[in-house]
Amino acid sequence: GSLNNFGVPAARVVDMVAAAYGTPDKNGDGIPEGNPYYVRIASDPETSTILGDAATANGSFVSIWIGQNDLLGFLSSGGTSEDVEENPAAIQNPSSLTDVANFTGALAAVAGNMTGGGQKGGVIANLFDATFTPFFRAVPYKAIPLDAATAAYLMAGPNGDDGFNDYNDGLDQLAFFGFITQADADARKVNLVAGANSILIEDDQLHDISQYDPSLEGRGQMRPIKAGELALLTAATVLNTVPEGRTAIDVYGVTWPLPDKYTLTADELTRHASRLADFNAAIAAQATSSNLALVDAYTIMISAAIGGGILVDGQMLLPDFSPNGFYSTDGLHPNPRGQAIIANAFIDAINSKYGSTLHNVDVLNLPGVSLK
């Protein structure tokens, strides 16, 4: 039958209006130059747009949930990808952080075209805070367990005068001579103890002090991660391993900083939170101007994360990827039960606005995560 679902994996709202987004393989390497999923359904992969194809389908009722990937590329890069607000050309990079102007303009085009300028009924959902998904919460910031002997050894160093005690003294010296502030020095200091310790991370916002001490090359921007900052799920594959070319004493997260791409620091989280708020404000305004039902996915998902789960028919479903969770094992996407929770939110919003009587999905009748 004819297509009625134009959801394309990895697409940003700005990609909905991008011509040639489905450009097929041109150089013969087997990899499409455009989005490989849109290639499969594009009316003309060389010229068509997702929005154009969706509008041509001429549905009588529309559902719109787009924009999560305009934030997710930045988050999953550990905040290392570019911000289009600072570099407009970065909009071509699918991992960049979309700016508000491009987001708002593309969203208006999507809603306007799909609803015929507000003449058709429909529903639109806002964006959830992905930093509350297991992908950003499964690895705790204090992920380095040490016994008392190991902590003492690392503080003293292999030779008794080349460990973190010596490093901390060096930071005070740099502050004394004015190369960095004392507050900066204190934030970088490492104090390992018996028990769980903070991950040692690279922070590209810090002044690189290896220029003053060449022995710190590769560690000139390191500091312990702070409470409230996040380690990505991908960090689990790197923590406690030895960087290529280093000796066994250099261990990621313990004595050698975890690369920036595996963490989200306070300034990166603040930037994301600000952009998420702006995007959701734009979606709320668009819902009003296009006369669409609005699904508050943001509140549903963040309430579940903060409250420890969602109660469904007497059973608490957890915000994780455990067998009783509602996320899939990639830590980002809801599993079938999680998708059903979201589907019911759409159904409730539609019934409320249009007086319809669509039936809810039986959430518990769907599978969660199974262990084999």
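Check the entry above for the structure.
Computed from a prediction, not measured in an experiment: that's the story for all the values here. (Residues numbered from 1 in each chain as written. Predicted model: local features only at pLDDT ≥ 70, side-chain atom pairs only at ≥ 80, totals over all residues. Heavy atoms only, no water.)

Draft legend 1. Representation of the sheet that holds strand β9 (residues 293–295). As summarised here, the arrangement of the 3 strands in space is β1-β2-β9, forming an open sheet in which the pairing is parallel. Taken across any chain shown, the strands that pair with only one partner, and hence form the sheet edges, are β1 (61–64) and β9. Each strand of the sheet is rotated relative to its neighbour by a mean of 15°, with strand direction disregarded. Of the strand pairs in this sheet, β1 and strand β2 (residues 121–125) are connected by 4 bridges, and their pairing is parallel. Among the inter-strand pairings, Val62 is bridged to a residue of β2, identified as Gly122. (Pairing = 2+ DSSP bridges. Helix = DSSP H or I, 4+ residues; strand = E, 2+ residues; numbered from the N terminus. Axes fitted to C-alpha atoms, helices over the stretch in contact; angles between N-to-C directions.)

Draft legend 2. View of the packing of helix α4 (residues 100–115) against helix α8 (residues 266–289). Following both chains from N to C, one finds α4 and α8 inclined at 25°, their axes separated by 10 Å at the closest point. Between α4 and α8, the angle falls in the class roughly parallel. Here α4 runs over α8; the crossing is right-handed. On α8, the residues that touch Val100, Phe103, Thr104, Leu107, Ala108 and Ala111 of α4 are Arg275, Asp278, Phe279, Ala282, Ile283 and Gln286. Partitioned by chemical class, the residues of the contact of α4 with α8 number 8 nonpolar, 2 polar and 2 charged. (Parallel < 35°, antiparallel > 145°, perpendicular 65-115°, else oblique. Left-handed = near helix turned anticlockwise from the far one by under 90°. Contact = heavy atoms within 4.5 Å. Nonpolar A, V, L, I, M, F, W, Y, C, P; charged D, E, K, R; others polar.)

Draft legend 3. Seen up close, helix α2 (residues 50–57). Along α2, the residues classified as buried are Ile50, Leu51, Asp53 and Ala54. Buried residues of α2, viewed axially, fall in a sector of 165°; they line one side. Looking at the residues trailing α2, positive phi occurs at Asn58, about 55°. (Buried < 20%, exposed > 50% of the residue type's maximum accessible area, 1.4 Å probe, protein only. Arc of directions from axis to C-beta.)

Draft legend 4. Quick look at the packing of aromatic side chains. Taken as a whole and assessed by the stated rule, the structure comprises 10 aromatic pairs. Summarising the aromatic geometry, the rings of Phe61 and Tyr354 are spaced 5.5 Å apart at their centres and angled 75° between planes, so their arrangement reads as edge-to-face. Of this pair, Phe61 sits in strand β1 while Tyr354 sits in helix α10 (residues 336–354), and the two are 293 residues apart along the sequence. We classify Phe61 as partly exposed; its relative accessible area is 38%. Here Tyr354 falls in the partly exposed class, since its relative accessible area comes to 35%. (Phe/Tyr/Trp six-rings, centres within 6.5 Å; stacked < 30°, edge-to-face > 60°.)

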